[in-house]
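What follows is the residue order along each chain.
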Amino acid sequence: SIISDHNKKIRGTTKATNQATKGWQSFGKNMRGALKGLIPLLALSEIVNAAKAVNDLTIQYTKLRGAISRYTGDTGPALEESVQQVKALEKTFEVSTDSIIEAGNAAAKEFKVSFGDSLAIIEKGLLAVGEAGGQELLTQIDEYSTQFADLGFTLEDFVTIAAQAS
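Okay, so let's go over this structure.

Thresholds, definitions, all that
- Residues numbered from 1 in each chain as written.
- Predicted model: local features only at pLDDT ≥ 70, side-chain atom pairs only at ≥ 80, totals over all residues.
- Heavy atoms only, no water.
- Core = buried A, V, L, I, M, F, W, Y, C linked by side-chain atoms within 4.5 Å.
- Buried < 20%, exposed > 50% of the residue type's maximum accessible area, 1.4 Å probe, protein only.
- Helix = DSSP H or I, 4+ residues; strand = E, 2+ residues; numbered from the N terminus.
- Contact = heavy atoms within 4.5 Å.
- Expected span 1.5 Å × (residues − 1).
- Axes fitted to C-alpha atoms, helices over the stretch in contact; angles between N-to-C directions.
- Parallel < 35°, antiparallel > 145°, perpendicular 65-115°, else oblique.
- Left-handed = near helix turned anticlockwise from the far one by under 90°.
- Nonpolar A, V, L, I, M, F, W, Y, C, P; charged D, E, K, R; others polar.
- Phe/Tyr/Trp six-rings, centres within 6.5 Å; stacked < 30°, edge-to-face > 60°.
- Lys NZ or Arg CZ within 6 Å of the ring centre and 35° of its normal.
- Patch = residues over 30% accessible without salt bridge, like charges linked within 9 Å, V, L, I, M, F, W, Y side chains within 5 Å.
- Areas by Shrake-Rupley, 256 points an atom, 1.4 Å probe, with all protein chains shown as cover.
- Salt bridge = Lys/Arg side-chain N within 4 Å of Asp/Glu carboxyl O.
- Lys, Arg positive; Asp, Glu negative; His and termini not counted.
- Charge placed at Lys NZ, Arg CZ, Asp CG, Glu CD.

### Thoughts on the nonpolar core
Part 1 of the reasoning: Core analysis: the biggest nonpolar cluster contains 30 residues, and Ile68, Val86 and Ile141 have the highest contact counts within it.
Part 2 of the reasoning: In terms of residue count, helix α4 (residues 115-150) provides more of this core than any other element does, ten residues in total.
Part 3 of the reasoning: Excluding anything up to four places from it in sequence, Val86 contacts Leu64, Ile68, Thr97, Ile100, Ile101, Phe115 and Leu119.

### Brief notes about α4
Part 1 of the reasoning: Compared with the 52 Å implied by 1.5 Å per residue over 36 residues, the 19 Å span of α4 between its first and last C-alpha is markedly short.
Part 2 of the reasoning: At the C-terminal side of α4, Gly152 shows a positive phi close to 90°.

### What about unusual backbone geometry?
Part 1 of the reasoning: One non-glycine residue, Glu94, lies in positive phi territory at about 55°.
Part 2 of the reasoning: With respect to the helices, strands and loops of the structure, Glu94 is situated in the loop between α2 (76-93) and α3 (97-111).
Part 3 of the reasoning: In this structure, Lys112 is a non-glycine residue whose phi angle is positive, near 55°.
Part 4 of the reasoning: If you trace the backbone, Lys112 turns up in the loop between α3 and α4.

### Regarding the packing of α2 against α4
Part 1 of the reasoning: Orientation of α2 relative to α4, taken along the N-to-C sense of each, is 5°, at an axis distance of 11 Å. One finds that α2 runs roughly parallel with respect to α4. Within the contact between the two elements, α2 uses Ser82, Gln85, Val86, Leu89, Thr92 and Phe93 and α4 uses Phe115, Gly116, Leu119, Ala120, Glu123, Leu126, Leu127 and Glu131.

### A look at the packing of α4 against helix α5 (residues 155-165)
Part 1 of the reasoning: Running from N to C, α4 and α5 cross one another at 120°; their axes reach a closest spacing of 8 Å. Of the two possible hands of crossing, α4 and α5 adopt the one that is right-handed. Taking contact as the criterion, the partners of Ser118, Ile121, Gly125, Ala128, Val129, Leu137, Gln140, Ile141, Tyr144, Ser145 and Phe148 in α4 are, on α5, Leu155, Glu156, Phe158, Val159, Ile161, Ala162, Ala163 and Ala165.
Part 2 of the reasoning: By residue class, the composition of the contact of α4 with α5 is 14 nonpolar, four polar and one charged.

### Points about the side chain of Ser82
Part 1 of the reasoning: Mapped onto the elements, Ser82 comes out in helix α2.
Part 2 of the reasoning: Among the residues examined, Ser82 registers a relative accessible area of 2% and is labelled buried.
Part 3 of the reasoning: Ignoring anything within four residues of it in the chain, the contact list for Ser82 reads Ile68, Asp74, Phe115 and Leu119.

### Here's the deal with the packing of aromatic side chains
Part 1 of the reasoning: Inspection of the entire model under this criterion finds three aromatic pairs.
Part 2 of the reasoning: Judged by centre distance (5.2 Å) and plane angle (55°), the ring pair of Phe148 and Phe153 falls under tilted.
Part 3 of the reasoning: Among the residues examined, Phe153 registers a relative accessible area of 32% and is labelled partly exposed.
Part 4 of the reasoning: Through a chain of ring-to-ring contacts, the aromatic side chains of Phe111, Phe148, Phe153 and Phe158 assemble into a single cluster.
Part 5 of the reasoning: Above the plane of the ring of Tyr61 lies Lys87, whose end atom (NZ or CZ) is 5.6 Å from the centre.

### A short note on a negative patch on the surface
Part 1 of the reasoning: Taken together, the side chains of Asp98, Glu102, Glu136, Asp142 and Glu143 present a region of like negative charge at the surface.
Part 2 of the reasoning: Elements with a minimum of two residues in the negative patch: α3 and α4.
Part 3 of the reasoning: It is α4 that provides the largest number of residues to the negative patch, a total of three residues.
Part 4 of the reasoning: Mapped onto the secondary structure, Glu136 falls in helix α4.
Part 5 of the reasoning: With a relative accessible area of 41%, Glu136 lands in the partly exposed category.

Printed below as a string of structure tokens:
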């Protein structure tokens, strides 16, 4: 009869649904087991990545310290202060550390000020020109410090003039 056939189909569908549900439950249990084993590996991977980032940063700071020390002769706390100033200028104005060091060193030597003082004055010039003119300002300070110092300008005056020209 039609009802009997219909009931057989429903029982068959119910049986298939129950088997599929059991299959998914088994799959879920297997996935949870796999994830439990994978989580420590993911954590280890993150630890390795973090250690690599710390190592890269350490190398970067070591190179920066060496470069500043070679240019300025600074050591100890004066060197650490210079490193922090250079990194702050690099991050704030998106200019290269090499350009900052070269401009700061040229300005310090020609205008007879400390490297730290030259960076503080250069910072004011960078604030005046913003990110777009920062690299140009540093290039001008590096290239023309000798001429402006010979003409009797102060570093502050020179940076103001160079910032207006950038």
